[in-house]
Amino acid sequence: MLKVSEPLISLENAGLERGGRWLVRGVDLSVRRGEIVTLIGPNGSGKSTTAKLALGIHKPSEGTAHRTAGLKVGYVPQKVSIDWTLPLSVRRFMRLTQRIDDRQIDAALDSTGILHLAGAEVRTLSGGEFQRVMLARAIAGRPDFMVLDEPVQGVDFSGEIALYELISTIRDGLGCGILMISHDLHVVMAATDQVICLNGHVCCKGSPETVAQSAEYRKLFGDRASAALAIYRHDHDHTHLPDGRVRHADGSITDHCHPDDGHHHTVEEKAGTEGDSDGGDRRA
Amino acid sequence: MGETAVLDDFFTRAMVAGIGVAIIAAPLGCFVVWRRLAYFGDTLAHAALLGVALAFLFELNITLAVFVVCAAVAVALLLLQRRATLSSDSLLGLLAHSSLALGLVVLAFMTWIRMDLMGFLFGDILAVSKSDIATIYAGGAVVLSVIVLIWRSLFAATVNRELAEAEGMHPERSNLVFMLLMATVIAISMKIVGVLLITALLIIPAAAARRFSSGPEQMAVIAGVIGIASIICGLYGSLTWDTPSGPSIVVAALVFFLISVSPIAALVSRRHRPAQGAKP
């Protein structure tokens, strides 16, 4: 067993350059056993790239990426397409990178609610069903570290809550570390220990405040939902312009972010309403 | 001679050699279809002719020379793709046709050699010798053992390279091994169907097997069966109608493919496949 304090993976000042452009730069990140870290940020902000640096799919162009030796990894990529030429059943897909028996496969499929699809051909699944298969496949081998890149995309709302709950159950059960990318900028799991907001660099980090106490929120989504979802709203104090320059809160425009750039982020007390913030300003 | 006396008949030798090649080609052919590498197979096959020319020039074993040239082309392609200034298909076209042209030019310089170019382009399965059969089966045993070893990793990388890499499957390594296996198969099967038709023997049985398969391993086995059937039907057809043997084998494979996409095959495969998505 690994020591709890020792990070499973860590990135230090990691960056990736492709074709003269920095996809992401200066990322410090670590995921420990039993910890859920969520990455949020707009399209093209380097969320998937950061995850791939953590997984070792990309080697950092600067900085370092470190993974514990012998780490068992479960990965749900953002996009997987199965060509027609590949005859692939769900059961065979579950065994893609791991040797597991039918009992483990059935248990994993059952936990994501798709045991009835075990014999189906992967190609014929709907988007939401396929995401459930991907998640089941990642957890079936009891990984030490999981990377979930938009794991609930295409899943209907009630299913989304159930899967978020499942993810925190898995974390509690397996004690694995989870690096998650949220497909929704504003929604992260309440079980998240740390939220990292990316926009080509780390804009800010922090632990999300829970909204579980909010009566309005509970009324809106029900008791079960309140434990699984938090609304996490944030405002940038600087904007990345399409040409790569940066506009700051005071209206000035510069070529790069300032080292002390961060942004105010606030956790809403009520779901779905703007403002009403608790004024919980934090600087990254 | 004893037990090998049965191989004294040229037609039996052709049959034994052809079946050996069909079995080896099946699993690799599936990967060629899955990974869309048809043009890559063609490129290696074209490069084989340069191998033949170099074998004559330096008096080397032809199979060995073809393997070395094909392997070199495969590695060159990997390196060129890394610093991609041209698209993959342009690179393949460049490598395929320049190595073919180089081979023909080198052969033309060696005026003292009178060789049957057609035999290399379209195969000469009826001229297969016992040592050719030994090469096919020994080489085939190596190819099959290696493909079994790398199967899981190669298949995972075929489904999704990044997923395979993240979960510790080493896709780069299995890719390289796969390319070397392709070079081996082309070197040992060139004599059977010739450089212009090798890709057909890889692709057509695999494509025909797709409709009848519900799993990757099953598809490789069915492709092997269809490949063997193509060899048997093609050779008997060639004997009966006095047609060239290599092309006859490919035509037989084509017939199997057409059957597989016809409505009759759809009925058969539907009956054999388990109902999908049914609740338990």
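Definitions and limits used
- Residues numbered from 1 in each chain as written.
- Chains lettered and ligands numbered in written order.
- Predicted model: local features only at pLDDT ≥ 70, side-chain atom pairs only at ≥ 80, totals over all residues.
- Helix = DSSP H or I, 4+ residues; strand = E, 2+ residues; numbered from the N terminus.
- Rg over C-alpha atoms; globule rule 2.2 N^0.38 Å.
- Buried ≥ 20, exposed ≤ 12 C-beta atoms within 10 Å, placed from the backbone.
- Contact = placed C-beta atoms within 7 Å.
- Core = buried A, V, L, I, M, F, W, Y, C linked by C-beta atoms within 7 Å.
- Nonpolar A, V, L, I, M, F, W, Y, C, P; charged D, E, K, R; others polar.
- UniProt positions renumbered as here; feature names shortened; annotations may be inferred.
- Expected span 1.5 Å × (residues − 1).
- Pairing = 2+ DSSP bridges.
- Axes fitted to C-alpha atoms, helices over the stretch in contact; angles between N-to-C directions.
- Parallel < 35°, antiparallel > 145°, perpendicular 65-115°, else oblique.
- Left-handed = near helix turned anticlockwise from the far one by under 90°.
- pLDDT = per-residue confidence, 0-100.

A. Structural context of the overall build of chain B. Helix and strand counts for chain B come out as 12 helices and zero strands. Traced from its N-terminal end to its C-terminal end, chain B shows the element sequence α-α-α-α-α-α-α-α-α-α-α-α. Its C-alpha atoms give chain B a radius of gyration of 19 Å, near enough to 19 Å, the size a compact globule of 280 residues would have. Taken over 280 residues, chain B has a buried fraction of 48%. In chain B, 73% of the contacts between residues at least 6 apart in sequence involve partners at least 24 apart.

B. Broad picture of the overall build of chain A. The secondary structure content of chain A amounts to six helices and 15 strands. Long-range pairs, those at least 24 residues apart, make up 67% of the contacts in chain A with a sequence separation of at least 6.

C. Broad picture of the nonpolar core. Residue and element names in this part refer to chain B. Formed by 159 residues in total, the largest nonpolar core has its most connected members in Leu44, Ala48, Cys70, Ile186 and Ala206. The element that contributes the greatest number of residues to this core is helix α1 (residues 10–34), accounting for 14 residues. Excluding its chain neighbours within four sequence positions, the residues that come into contact with Ala206 are Ala26, Gly29, Cys30, Val32, Val33, Met219 and Ala223.

D. Representation of the interface of chain B and chain A within the structure. Counting from both sides, the interface comprises 24 residues of chain B and, opposite them, 24 residues of chain A. Those elements that place two or more of their residues in the side of chain B that touches chain A are α1, α6 (130–159), α7 (161–166) and α10 (216–241) of chain B. Looking at the side of chain B that touches chain A, the element that brings in the most residues is α7 of chain B, giving five residues. Looking at the side of chain B that touches chain A, its residues break down into 12 nonpolar, seven polar and five charged.

E. Representation of the UniProt feature "transmembrane region" (unreviewed entry) in chain B within the structure. Annotation from UniProt places "transmembrane region" (unreviewed entry) at residues 14–34, 46–79, 91–113, 134–156, 176–207, 219–237 and 249–269 of chain B. For the annotated span residues 176–207 of chain B, helix accounts for 88% and strand for 0% of the residues, and the straight-line distance between the end C-alpha atoms is 24 Å.

F. Inspection of helix α11 (residues 245–261) of chain B at higher detail. The end-to-end C-alpha distance of α11 of chain B is 25 Å, a good match for the 24 Å that 17 residues give at a rise of 1.5 Å each. Here α11 of chain B has its buried residues at Ser245, Gly246, Ser248, Ile249, Val250, Ala252, Ala253, Phe256, Phe257 and Ser260 of chain B.

G. Broad picture of the pairing of strand β3 (residues 36–40) of chain A. Residues and elements named next belong to chain A. Where burial is concerned, most of β3 is hidden: five out of the five residues are buried. Here β3 shows two buried faces, one formed by Ile36, Thr38 and Ile40 and the other by Val37 and Leu39. Across four bridges, the pairing between β3 and strand β7 (residues 177–181) is parallel. Looking across to β7, one finds that Leu39 is bridged to Ile181. Summarising the sheet, β3 and strand β9 (residues 194–198) pair through four bridges and their orientation is parallel. Looking across to β9, one finds that Ile40 is bridged to Cys197.

H. Region of the structure containing the sheet that holds strand β1 (residues 7–18) of chain A. Residue and element names in this part refer to chain A. One open sheet accounts for three strands, arranged β2-β1-β4; its pairing is antiparallel. Looking along the sheet, the strands with just one partner apiece sit at the ends: β2 (21–32) and β4 (62–67). For this sheet, the mean inter-axis angle between neighbouring strands, taken without regard to orientation, is 15°. For β1 and β2, the ladder comprises eight bridges, and the chain directions are antiparallel. Paired with Leu16 across the strands is Val24, a residue of β2.

I. Representation of the packing of helix α2 (residues 38–58) of chain B against helix α9 (residues 198–210) of chain B within the structure. Residue and element names in this part refer to chain B. Orientation of α2 relative to α9, taken along the N-to-C sense of each, is 155°, at an axis distance of 8 Å. With respect to α9, the axis of α2 lies roughly antiparallel. Two packed elements cross with a definite hand, and for α2 against α9 that hand is right-handed. Facing Ala38, Gly41, Asp42 and Ala45 of α2, the residues of α9 in contact are Ile198, Thr199, Leu202 and Ile203. Of the residues assigned to the contact of α2 with α9, the class counts are five nonpolar, two polar and one charged.

J. Highlighting the confidence of the model for chain B. Residues and elements named next belong to chain B. The predicted model of chain B averages 86 in pLDDT, with 92% of residues at 70 or higher. When pLDDT is averaged over each helix and strand of chain B, the minimum, 66, is found for helix α12 (residues 263–272) and the maximum, 94, for α10. The low-confidence segment residues 274–280, where pLDDT is below 50, has nine contacts with residues more than four positions distant or belonging to other chains. Taken together, the chains of this predicted complex give a pTM of 0.80 and an interface ipTM of 0.82.

K. Expanded view of the environment of Leu92 of chain B. Structurally, Leu92 of chain B can be placed in helix α4 (residues 88–109). For the pair formed by Leu92 of chain B and Ala166 of chain B, sequence separation is 74 residues and the distance between their alpha carbons is 29 Å.

L. Local environment of unusual backbone geometry. Its identity is not glycine, yet Arg142 of chain A carries a phi of approximately 50°, on the positive side. Note that Arg142 of chain A resides in the loop between α4 (127–140) and β6 (145–149). Residue class for Arg142 of chain A comes out partly exposed when judged on the 16 C-beta atoms lying within 10 Å of it. With a phi angle near 50°, His170 of chain B is a residue other than glycine that sits in the positive phi range. Within the secondary structure, His170 of chain B sits in the loop between α7 and α8 (171–193). Taking the C-beta count within 10 Å as the criterion, His170 of chain B has 16 such neighbours and is therefore assigned partly exposed.

M. Focus on the packing of α9 of chain B against α11 of chain B. Residues and elements named next belong to chain B. As a packed pair, α9 and α11 sit with axes 8 Å apart at the nearest point and diverge in direction by 20°. Comparing the axis directions of α9 and α11 gives the class roughly parallel. α11 is crossed by α9, and the crossing has left-handed handedness. Of α11, the residues touching α9 (which contributes Ala200, Leu201, Ile204, Pro205, Ala207 and Ala208) are Val250, Ala253, Leu254, Phe256, Phe257 and Ser260. Looking at the contact of α9 with α11 residue by residue, the classes come out as 11 nonpolar, one polar and no charged.

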